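Residue strings, one per chain:
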Amino acid sequence: MPTESPALKQVLETFTTAGDLYEQLENSRVRCYACGHRCVIFDGLDGICRVRFNRGGKLMVPHGYVGALQLDPVEKKPFFHALPGSLAMSFGMLGCDYHCGYCQNWVTSQALRDPNAVSPPHRLTPEEFVGLALDHDARIVTSTYNEPLITSEWAVEIFKVARQAGLKTSYVSNGNGTPQVLAYIKPWVDLYKVDLKSFQDRNYRKLGGVLNNVLDTIQRLHAMGFWLEIVTLIVPGFNDSNEELRDIARFLVQVSPDIPWHVTAFRQDYKMTDPENTSAGTLLRAAGIGKAEGLNFVYAGNLPGRAGDWENTKCPGCGELLIERYGFRIRSMRVKDGACPKCLRQIPGVWD
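Below is a summary of the structure that appears in this document. (Residues numbered from 1 in each chain as written. Predicted model: local features only at pLDDT ≥ 70, side-chain atom pairs only at ≥ 80, totals over all residues. Heavy atoms only, no water.)

### Some remarks on helix α7 (residues 211–224)
In step 1: Compared with the 20 Å implied by 1.5 Å per residue over 14 residues, the 20 Å span of α7 between its first and last C-alpha is a close match.
In step 2: Taken as a whole, α7 has its buried residues at Leu211, Asn213, Val214, Leu215, Thr217, Ile218 and Leu221.
In step 3: Structurally, α7 contributes buried residues whose contacts are with α5 (179–185), β13 (191–195), α6 (201–207), β14 (227–234) and α8 (242–255).
In step 4: Gly225 lies just past α7 and shows a positive phi near 95 degrees. (Helix = DSSP H or I, 4+ residues; strand = E, 2+ residues; numbered from the N terminus. Expected span 1.5 Å × (residues − 1). Buried < 20%, exposed > 50% of the residue type's maximum accessible area, 1.4 Å probe, protein only. Contact = heavy atoms within 4.5 Å.)

### Details of the packing of α8 against helix α9 (residues 280–292)
In step 1: At a closest axis distance of 9 Å, the pairing of α8 and α9 adopts a crossing angle of 40 degrees. One finds that α8 runs oblique with respect to α9. In this structure, the crossing between α8 and α9 has a hand that is right-handed. Counting all contacts with α8, which are made through Asn242, Leu245, Arg246 and Ala249, the residues of α9 involved are Arg285, Ala286, Ile289 and Gly290.
In step 2: Here the residues of the contact of α8 with α9 are counted per class, giving 4 nonpolar, 2 polar and 2 charged. (Axes fitted to C-alpha atoms, helices over the stretch in contact; angles between N-to-C directions. Parallel < 35°, antiparallel > 145°, perpendicular 65-115°, else oblique. Left-handed = near helix turned anticlockwise from the far one by under 90°. Nonpolar A, V, L, I, M, F, W, Y, C, P; charged D, E, K, R; others polar.)

### Notes on unusual backbone geometry
A negative phi angle is the norm for most residues apart from glycine, just as the trans form is the norm for most peptide bonds.
In step 1: Here the amide bond leading from Lys77 into Pro78 is cis, since omega sits at -10 degrees, within 30 degrees of zero.
In step 2: Within the fold, Pro78 resides in the loop between β8 (68–73) and β9 (87–92).
In step 3: Backbone geometry places Leu83, a non-glycine residue, at a positive phi of 45 degrees.
In step 4: Within the secondary structure layout, Leu83 lies in the loop between β8 and β9.

Dropping the structure here:
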């Protein structure tokens with residue numbers, strides 16, 4: 001089984017600080033609460049994520065660097081109901097608590113599992129990062145490209161500075177959370193996107209997770225008042241049956257029919273090159289199922305121009321076109337004071 005580069009591991013250990021999200025146990029063990037694995041970690045060992053580790057009964061966590069840095073449209077995250085047309089300064093660290101075979105960010109997320117994944121850390125302070133965001137007219141900062149939950153202490157440091165500068169803050173996450181980590185980030189995170197990868201526990205276990213952890217996190221995020229959007233990457237033969245898509249939609253409706261659900265197309269990547277790329281027809285079928293089950297905002301993404309009206313936001317009351325999109329571009333924006341200009345129905349989201 002491939003192992004990480006010892007040199008990278010040693011370098012990353014210099015970019016650490018004592019964590020907050022853990023409890024001390026007997027015999028110098030610790031229990032980590034950053035993700036749903038809730039690892040019990042013995043002295044000298046790492047958690048499942050490989051970047052949170054126990055040294056002398058103290059949990060050390062990632063700190064003081066970025067492994068990826070990019071300026072993105074907020075629609076790419078994707079958030080469709082949060083400051084449409086805005087830019088998001090996005091950063092990632094290294095490591096993940098899952099090992100998805102189709103990971104699109106595997107160079108950062110799998111850096112300590114796969115010797116082919118090389119993304120060296122670059123030292124950066126919160127002030128420097130926020131300065132970059134402001135210099136590039138970003139209105140949002142985002143923790144993404146690896147699993148943000150496992151680097152929450154560092155994200156909170158950055159987000160505290162970002163909030164002082166008037167920026168919105170966001171997580172792009174697999175949703176494998178705990179009550180402890182959600183309470184920890186709640187004062188500092190405005191927007192939260194969850195990848196709901198399947199509605200079959202056996203599929204989640206193939207990826208390194210547990211379905212119920214993600215469902216619980218989604219329910220908690222909504223109840224706690226985060227702005228929440230959900231993405232399901234449709235993978236042929238993995239999660240594309242009508243039954244599974246219907247189960248996902250029904251679950252989301254039960255939480256709130258106003259949660260935006262994005263169904264997006266799989267493209268062959270990383271270790272998963274057997275399934276065909278997802279067709280536009282499959283996305284349209286999935287979007288139709290979501291709408292039929294009662295979701296007010298369903299989007300078919302990442303196939304620009306091939307999803308028809310499923311790229312746009314319409315008022316669920318009168319059907320008025322509110323936001324017209326082509327891919328990540330906003331063609332028109334008609335939400336005014338958070339409402340439909342025609343029938344005055346409030347449209348949930350984070351607007352100007």
